[in-house]
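Each chain, letter by letter, is given below.
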Amino acid sequence: MGSLLRSVSGVRWGELHDATGAAASGIPPLLSRIAYEDEDTARIAIDDLGDAVCALGFVVGEATAHTVPFLLELVGSPHVACKAELLDLLESICRTDQWHSAAAAAQDRKHDANYRQRTGWEAAARTAVYAGRSVIEGVASSVRPEEATPARKLLLVMDGTPPFPEP
């Protein structure tokens, strides 16, 4: 994949599922398009990646937490286009609490194991976003408002969205 995203191949994408339930093997090519293609192609890839890692803008999957470090790497790279869109995707991932809300609302214990697994995906994804705070802070200090503004917005969301409680 080049120097950018060089550790993507270290993830066992074929063993993971995305937010739609499909195999996550389509995520690396999308990341590559974002990193190395023109702005229009990158924008389409970000949209497709959003569907895969944060379906409907509020449902994460098993592969989401594995994808976040690469999103942060792209955001931190000086030559990647569409940083605002990447930051918006990270914000959606950070805000996601669909599975935690569903688990809290469910009274049926037969779904506990299923919810526990999915709430773990949400917690891991949010933790991965938090782990990239220094990258996001760096972009927030950019002289380019089209990058700095969504980064600052994401930092505010991170400050107002606490980690999930331990199960």
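For the structure itself, look to the data block above.
About the criteria used
- For every chain, the first residue of the written sequence is number 1, and numbering continues from 1 along that sequence.
- For this predicted model, a pLDDT threshold of at least 70 governs which residues receive local features, and a threshold of 80 or more governs which side-chain atom pairs are given and counted, while totals over whole chains, interfaces and linings are taken from all residues.
- Side-chain metrics in this entry use all non-hydrogen atoms of the structure; hydrogen atoms and water are not considered.
- When a carboxyl oxygen of Asp or Glu is within 4 Å of a side-chain nitrogen of Lys or Arg, the pair counts as a salt bridge.
- Strands here are runs of E lasting at least two residues and helices are runs of H or I lasting at least four, both read from the DSSP assignment and numbered beginning at the N terminus.
- Whether a residue is buried, partly exposed or exposed follows from its accessible area with a 1.4 Å probe, protein chains only, as a fraction of its type maximum: under 20%, in between, or over 50%, in that order.

**Q** Summarise the pattern of salt bridges; cite the residues concerned and give the values.
**A** If you walk through the whole model with that rule in mind, you get 9 salt bridges. Taking the shortest distance from any N to any O, the salt bridge between Glu137 and Arg133 comes out at 3.0 Å. Of this pair, Glu137 and Arg133 both sit in helix α7 (residues 133-140), 4 residues apart, roughly one helical turn. Residue Glu137 is classed as partly exposed on the basis of its relative accessible area, which comes to 39%. Arg133 gets classed as partly exposed once you look at its relative accessible area, which sits at 27%. A salt bridge links Asp159 to Arg133; its shortest N-O distance comes to 2.9 Å. With Asp159 in helix α8 (residues 145-160) and Arg133 in helix α7, this residue pair connects regions lying 26 residues apart in the sequence. Overlapping salt bridges bring together Glu39, Arg43 and Glu85 as one network.

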